[in-house]
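# Fold and contact review
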Amino acid sequence: ETGVTQSPTHLIKTRGQQVTLRCSSQSGHNTVSWYQQALGQGPQFIFQYYREEENGRGNFPPRFSGLQFPNYSSELNVNALELDDSALYLCASSLDTGGSGVEQFFGPGTRLTVL
Amino acid sequence: KQEVTQIPAALSVPEGENLVLNCSFTDSAIYNLQWFRQDPGKGLTSLLLIQSSQREQTSGRLNASLDKSSGRSTLYIAASQPGDSATYLCALGTFGNEKLTFGTGTRLTIIP
């Protein structure tokens, strides 16, 4: 158990809808990163939040957005869902940003299916 | 741009054998490397973390090594068990970049 939780576990949406995924980091962790993992692939970095500000973004369009709250929770929002957004979404929390070499702790993921 | 390769993509071995999983990377300016285990449809479980100044880490039957000069890491699993069956992913943190870059993983099956 990493102490990182995600909700919901599974989600089914239709194309064009909007979705919000939630993550609760370990207490004291000020950094959260989100990853998308398509079937059979390694996770791909979406973005990172550090002290409630975006701190790095991968190659994802603006319809992927996020929020981080002072209570160690965070959200990933995806607008105008496309079929290719179907994937496992993982959040990872850490004590500091990636550049310091700290370990990242992953949650169990949310499986999103877009029909 | 950091590129991470894991070969083979899949591996099947009889129970009790020792085995080695490989991870290669193109940019040696890394600050750490993590090995993860992923069961089907599940999240990632961290197995070992090697900082850039270290050469290896050990946890139980697992030993991970890091050779930055050659751009390689190996995960050694001793006395394999059916419960070790999973996908194993390596991931690198690279200086100047906040993300972890993952390989595509090796799917390991231990045959009882």
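See the structure shown above.
First, a word on scope: everything that follows refers to the structure included in this document.

All names here are of chain A. Residue position: Leu67 is located in strand 7 (residues 64–68). Using a relative accessible area of 41% as the deciding quantity, one classes Leu67 as partly exposed. Between the C-alpha atom of Leu67 and that of Gln104, which follows or precedes it by 37 residues, the distance is 18 Å. Beyond its immediate stretch of four places on either side in the chain, Leu67 contacts Tyr49, Ser74 and Glu75.

A word on the state of the cysteines. Residue and element names in this part refer to chain A. Tallying each qualifying case throughout the model produces 2 disulfides over all chains. Through a disulfide, Cys23 is tied to Cys91; the S-S separation comes to 2.0 Å. Given an S-S torsion of about 70°, the disulfide between Cys23 and Cys91 has right-handed geometry. Linking Cys23 in strand 3 (residues 19–24) with Cys91 in strand 9 (residues 87–94), this pair joins segments that are 68 residues apart in sequence. As far as the burial class goes, Cys23 and Cys91 line up, both buried.

Okay, the sheet that holds strand 8 (residues 72–77) of chain B next. Residue and element names in this part refer to chain B. Judged by pairing direction, the sheet is antiparallel, and its 5 strands sit side by side in the order 1-3-8-7-6 without closing on themselves. The open sheet has two edge strands, strand 1 (4–5) and strand 6 (56–59), and neither has a second partner. Here 4 bridges tie strand 6 to strand 7 (residues 62–67), and the two strands are oriented antiparallel to one another. Looking across to strand 7, one finds that Ser59 is bridged to Leu62.

Cut-offs used in this document
Residues numbered from 1 in each chain as written. Chains lettered and ligands numbered in written order. Predicted model: local features only at pLDDT ≥ 70, side-chain atom pairs only at ≥ 80, totals over all residues. Heavy atoms only, no water. Helix = DSSP H or I, 4+ residues; strand = E, 2+ residues; numbered from the N terminus. Buried < 20%, exposed > 50% of the residue type's maximum accessible area, 1.4 Å probe, protein only. Contact = heavy atoms within 4.5 Å. Disulfide = S-S within 2.5 Å. Pairing = 2+ DSSP bridges.

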